[in-house]
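# Per-entry structural report
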Amino acid sequence: MDPTITLKKWNRLLLPAWWFLLFLYIAFALLTPLPLERSAAAAGIISGLAGLAAARFGMPERAIQFGLLLSLNLWIFLAVSDSLYPISFAFLIIPILAAAFYVDPAPVLAVTIVTLPELMFSARFSPVSGSLADYPALGPAVLLLIVLASIISLIHASSYQKIWREIEEKNRSMENALLSREGYLQLFFGNAKDAIAVFDLDDRVIDINPSFEELYGWSRDEAIGRILPIVPPENRGAASIRLKNLYEGKSYSLLETTDMRKDGSRFPAELTLSPIFDAEGRVIATSAISRDISYRKETENLIVQSEKLKLAGEMAAGVAHEVRNPLTVISGFVQMMHHDADHPYQSFTKLILSEIERINLIISEFLILAKPQAAQFREVSLRETLQEVFLLYGPEFNMQGIIFHETWRHSDYVVNGEKNQLKQVFINLIRNAIEAVGHEGKISLLVEEREEGLVAVRLRDNGEGIPDDVLKKIFEPFYTTKASGTGLGLIISQRIVQDHGGSLAIRSKERKGTEVTVLLPITSKQAAQL
């Protein structure tokens, strides 16, 4: 504790004690033969009022301390100075004892230094000198009493000052430790990367950290005192059960669920839920630590996708060639039958040949998936490659009344790659866009540079869009919603783009259209120019 605060407390304790002693002195003087020294009473009242004024107007506490003790000494000295009895001067012990309560030798010494001359003066010049002449032993006895009281008070003040300082130092250390602990906790709470929230037993927010604000979208002022709708409606039943278990003292660690932001968007979250107990072990609040695991989920999906690609590749490598050999024989004989003018089953053989071509298409895509053709990368003009694809689909745009618009942020972009493979990617994507928009639809192309030396090719259509459940499976092998699709076009396109060091992403909303973004690294030479 601050020594000034301790001194102030003792001063405030001495002030009422002062008035009590003054009242006691006046009462005894009025009710007993004890003479009332008006000068002493006046000095006591004036000094008491001065002490109150000094405390009220904020004078230094050390000045108030010495003022009170020396005024107390003066008041008592005036009260006993005309006494004929040496024992009356023993009351001068009171200021010395009062000084000892401050646990500081300095005020004890100060009062003692003032008291001893007062005794010497009274012994020679006050009425008590006559009594001392008759009884010479009384003077030294009173003096010895005062000196012994002073010595005992000095020893008490010095000893307890050391003990008091040790206690204060210990308290200060504990205070600092507590402040440090709270500071560290507050530092952790404020700077943690995970979102942290504390809730009361009514599920209202007590506090949240900045990461919670960033993740969920509510500011601290908006959140505190409210029940936040962070649980999607379909998960509220399970959340209620978890909350009930939390109130019973159960904890949840690394629980995966889905949470909801302020704007209504949802994200996969990993939660750690814990009850907060008071000193008696009762649950008084709950805490939630959450983190967005969207990136981890995407990584897990990529791993699963990679495993599916690997499986499809192994299947392709083991089956495609074995199927193609007998299929070639079958195809040859069916063609002979089909070209025989006398053959009565022309419609059947035509259908068989059509399906054989379809099987050959699937096998060809199988082989690309299993082992892409050895490609020698060279500098490829992206504008030239895309123009050749547009030329291929130009007639179909006109025939179906599709409005096609292209925008280039730069005249051209040069990438390292294999031109035919890139053409295959854009052919697949544009073909999907045409099928999505149907007649009189709109398709737009935007080509722009991105950070870290990448070029983005964004193909957007205003078709019906892709439902969320379909979008999640769109890169799975053999998954298709088309009657004549193989379910391999997009996965092969993705494989080619990844082999070129890029990425392929699809965003879509039902009844709003679809946007496909292909990111490819441009040549270092052009990256330096942009």
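Residues numbered from 1 in each chain as written. Predicted model: local features only at pLDDT ≥ 70, side-chain atom pairs only at ≥ 80, totals over all residues. Heavy atoms only, no water.

## Describing the pairing of strand 10 (residues 454-461)
- Burial analysis of strand 10 places six of its eight residues in the buried class, the great majority of the element.
- Sheet topology places strand 9 (residues 442-450) next to strand 10; eight bridges connect them, and they run antiparallel. Bridging from a neighbouring strand, Glu448 pairs with Ala456 of strand 10.
- Relative to strand 12 (residues 513-521), strand 10 runs antiparallel, the two being bridged by eight bridges. Its bridge partner being in strand 12, Val455 is matched across the sheet by Leu520. (Buried < 20%, exposed > 50% of the residue type's maximum accessible area, 1.4 Å probe, protein only. Helix = DSSP H or I, 4+ residues; strand = E, 2+ residues; numbered from the N terminus. Pairing = 2+ DSSP bridges.)

## Some details on the nonpolar core
- Among the nonpolar cores identified, the biggest contains 41 residues, and Leu382, Leu386, Phe426, Leu429 and Val447 are the most heavily contacted of them.
- Sequence-distant contacts of Leu386, defined by excluding residues within four places in its chain, comprise Trp408, Phe426, Leu445, Val447 and Val457.
- Membership of the second largest hydrophobic core comes to 35 residues, among which are Ala55, Ile93, Ala98 and Leu132. (Core = buried A, V, L, I, M, F, W, Y, C linked by side-chain atoms within 4.5 Å. Contact = heavy atoms within 4.5 Å.)

## Re the pattern of salt bridges
- Tallying each qualifying case throughout the model produces 21 salt bridges.
- In this structure, Glu448 engages Arg458 in a salt bridge whose closest nitrogen and oxygen atoms are separated by 3.2 Å. In this pair, Glu448 sits in strand 9 while Arg458 sits in strand 10, placing the two residues ten residues apart along the sequence. Both residues of the pair, Glu448 and Arg458, belong to the buried class.
- Residues participating in the shared-partner salt-bridge network are Arg409, Glu448, Arg450, Arg458, Arg460, Arg507 and Glu515. (Salt bridge = Lys/Arg side-chain N within 4 Å of Asp/Glu carboxyl O.)

## Regarding the environment of Arg495
- Relative to the helices and strands, Arg495 resides in helix 16 (residues 489-499).
- The class of Arg495 is partly exposed, set by a relative accessible area of 22%.
- Along the sequence, Arg495 and Val425 sit 70 residues apart, while their C-alpha atoms lie 9.5 Å from each other.

## Thoughts on a nonpolar patch on the surface
- A cluster of nonpolar residues, Leu116, Leu144, Val147, Leu148, Ile151, Ile152 and Ile155, forms a patch on the protein surface that exposes about 590 Å² of accessible area.
- Per element, the largest residue contribution to the nonpolar patch is six residues, and it comes from helix 7 (residues 138-191).
- If you trace the backbone, Leu144 turns up in helix 7. (Patch = residues over 30% accessible without salt bridge, like charges linked within 9 Å, V, L, I, M, F, W, Y side chains within 5 Å. Areas by Shrake-Rupley, 256 points an atom, 1.4 Å probe, with all protein chains shown as cover.)

## Comments concerning helix 3 (residues 61-80)
- With 20 residues, helix 3 extends 29 Å between its outermost C-alpha atoms, agreeing within 8% with the 28 Å of an ideal straight helix rising 1.5 Å per residue.
- Regarding helix 3, the residues found buried are Glu61, Ile64, Gln65, Leu68, Leu69, Leu72, Asn73, Trp75, Ile76, Phe77, Ala79 and Val80. (Expected span 1.5 Å × (residues − 1).)

## Comments concerning unusual backbone geometry
- We note that Leu254 has phi near 55°; this positive angle belongs to a residue other than glycine.
- Along the chain, the position of Leu254 falls in strand 3 (residues 252-260).
- Despite not being glycine, Arg511 shows a phi value in the positive range, around 65°.
- Here Arg511 shows up in the loop between strand 11 (503-509) and strand 12.

## What to know about the packing of aromatic side chains
- Overall, the coordinates contain eight aromatic pairs when judged by the stated rule.
- Pairing Phe397 with Phe404 gives two aromatic rings, centres 5.2 Å apart and planes at 15°, and the pair type is stacked.
- Note on Phe397: relative accessible area 7%, which makes it buried.
- Looking at Phe404, the relative accessible area reads 22%, which means it is partly exposed.
- For the ring pair Trp408 and Tyr413, a centre distance of 6.3 Å and an interplane angle of 20° mean the geometry is stacked. Of the two residues examined, Trp408 and Tyr413, each falls in the buried class.
- The ring of Phe57 carries the charged tip of Arg56 above its face, separated from the ring centre by 5.8 Å.
- Residue placement shows Arg383 over the ring face of Trp408; its charged tip is 4.3 Å from the ring centre. (Phe/Tyr/Trp six-rings, centres within 6.5 Å; stacked < 30°, edge-to-face > 60°. Lys NZ or Arg CZ within 6 Å of the ring centre and 35° of its normal.)

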